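# A closer look at the structure
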Amino acid sequence: AVVSTQSTGLTGDIVNENDDLCADSKFVEPSESEVNVEIEKENDYTNDELIAIEEEALSLKTEGNELYKSGNQSGALEIYTKAIVLCRRQLNDLRSILHANRAACHLSQSEYKEAEEDCNIAIELNPQYLKAILRRAQVREKLEKLSPALEDYQKVIELDPRQGVAVEAARRLPKEIEVQQEKMKEECISKLKDLGNLVLKPFGLSTENFNMVQDPNSGGYNIQFSQNK
């Protein structure tokens, strides 16, 4: 079976169907260690068995795509997970697609941490997987990881300069990163002042007795003490 990972759309291999095939599924997602144990068993399979496994995993992927497009993202997530458990290391391209598709399910359910983790695995398996990189960039924006998100968008542009979403984000994010960093600096200073006041209070002092004055030449700061505040 030929599996392509070079998709520029966010839905990629997910197709349009309406049948809800596992709305009542009670499948429990295995842990990562359980998945790894399954993958370690790969040496016990013949080539014919691996072909059969690939066909079954592809069938599950198609079923997951249908569920996703019908609006049953939780059902699709379960099916993609079943397919991931089936896949051997020889099927890394397919595993990459499945993790990217499962990330889409997590993203649609606002499970951003889980979505990022699946994108990480998809990209580790296929570092040039544009769809997974673009999806991770969007997930990282949701997590307010703006600098890493910008790096992902820039990678997308490197792979395909026609990606309008990435181009727009690459123009927008530097300013947002600057604002975010300034906000973080202010929050840090505020926390330091609170700590300083706690330490200085027994001495009848507070951080108001100290001023930070920036040196116009070096850009550094000098601390000046004032007894009257």
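Residues numbered from 1 in each chain as written. Predicted model: local features only at pLDDT ≥ 70, side-chain atom pairs only at ≥ 80, totals over all residues. Heavy atoms only, no water.

## Notes on helix α2 (residues 47-69)
Between the first and last C-alpha of α2 there are 33 Å, a value that for 23 residues agrees with the 33 Å anticipated at 1.5 Å per step. In this fold, the buried residues of α2 make contact with α3 (73-86) and α4 (92-108). (Helix = DSSP H or I, 4+ residues; strand = E, 2+ residues; numbered from the N terminus. Expected span 1.5 Å × (residues − 1). Contact = heavy atoms within 4.5 Å.)

## What about the packing of α2 against α4?
Where α2 meets α4, the axes come as close as 11 Å, and the angle between the chain directions of the two elements is 20 degrees. What the angle tells us is that α2 and α4 run roughly parallel. By crossing handedness, the relation of α2 to α4 is classed as left-handed. Facing α2, whose interface residues are E54, A57, L58, K61, N65 and Y68, α4 presents L94, I97, L98, N101, A104, C105 and S108. Split by residue class, the contact of α2 with α4 holds eight nonpolar, three polar and two charged. (Axes fitted to C-alpha atoms, helices over the stretch in contact; angles between N-to-C directions. Parallel < 35°, antiparallel > 145°, perpendicular 65-115°, else oblique. Left-handed = near helix turned anticlockwise from the far one by under 90°. Nonpolar A, V, L, I, M, F, W, Y, C, P; charged D, E, K, R; others polar.)

## Some remarks on the side chain of H99
The topology assignment puts H99 in helix α4. Residue H99 is classed as buried on the basis of its relative accessible area, which comes to 3%. Look past the residues within four positions of H99 in its chain and what remains in contact with it is I84, D118, I121, A122 and L125. (Buried < 20%, exposed > 50% of the residue type's maximum accessible area, 1.4 Å probe, protein only.)

## Looking at the confidence of the model for the protein
Any residue range with low pLDDT should be treated as having predicted coordinates unsuitable for detailed reading. Averaged over the protein, the pLDDT score is 81; the fraction of residues at 70 or greater is 73%. Segment residues 1-12 is flagged for pLDDT under 50; beyond a separation of four residues in sequence, or across chains, it makes 31 contacts in the model. Scored below 50 in pLDDT, residues 15-27 makes 26 contacts in the model with residues more than four places away or belonging to other chains. (pLDDT = per-residue confidence, 0-100.)

## Overview of the packing of helix α5 (residues 112-125) against helix α6 (residues 130-142)
Two elements in contact, α5 and α6, have axes separated by 9 Å at closest approach and are oriented at 155 degrees. If you check the angle between α5 and α6, you find them roughly antiparallel. In this structure, the crossing between α5 and α6 has a hand that is left-handed. Touching Y112, A115, E116, C119, N120, A122 and I123 of α5 are A132, I133, R135, R136, V139, R140 and K142, all from α6. Classifying every residue of the contact of α5 with α6 gives eight nonpolar, one polar and five charged.

## Considerations on the pattern of salt bridges
Considering all chains together, one arrives at ten salt bridges under this definition. For R140, the salt bridge goes to E116, with nearest N and O atoms at 3.0 Å. Residue R140 is located in helix α6, and its partner E116 is located in helix α5; the two are separated by 24 residues in the primary sequence. With respect to burial, R140 and E116 carry one shared label: buried. A salt bridge links K155 to E158; the shortest N-O distance between them is 3.5 Å. Residue K155 and its partner E158 are located together in helix α7 (residues 146-159), separated by three residues, close to a single helical turn. Look at K155 and you get partly exposed, because its relative accessible area is 24%. Overall, the relative accessible area of 60% leaves E158 in the exposed class. Where salt bridges share partners, they join E116, R136, R140, K145 and D152 into one cluster. (Salt bridge = Lys/Arg side-chain N within 4 Å of Asp/Glu carboxyl O.)

## Quick look at unusual backbone geometry
Most peptide bonds take the trans form, and the phi angle of most residues other than glycine is negative. The phi dihedral of S110 is positive, around 60 degrees, even though this residue is not glycine. Inspection of the secondary structure puts S110 in the loop between α4 and α5. Positive phi, normally seen in glycine, also occurs at E144, with a value near 60 degrees. Among the secondary structure elements, E144 is positioned in the loop between α6 and α7.

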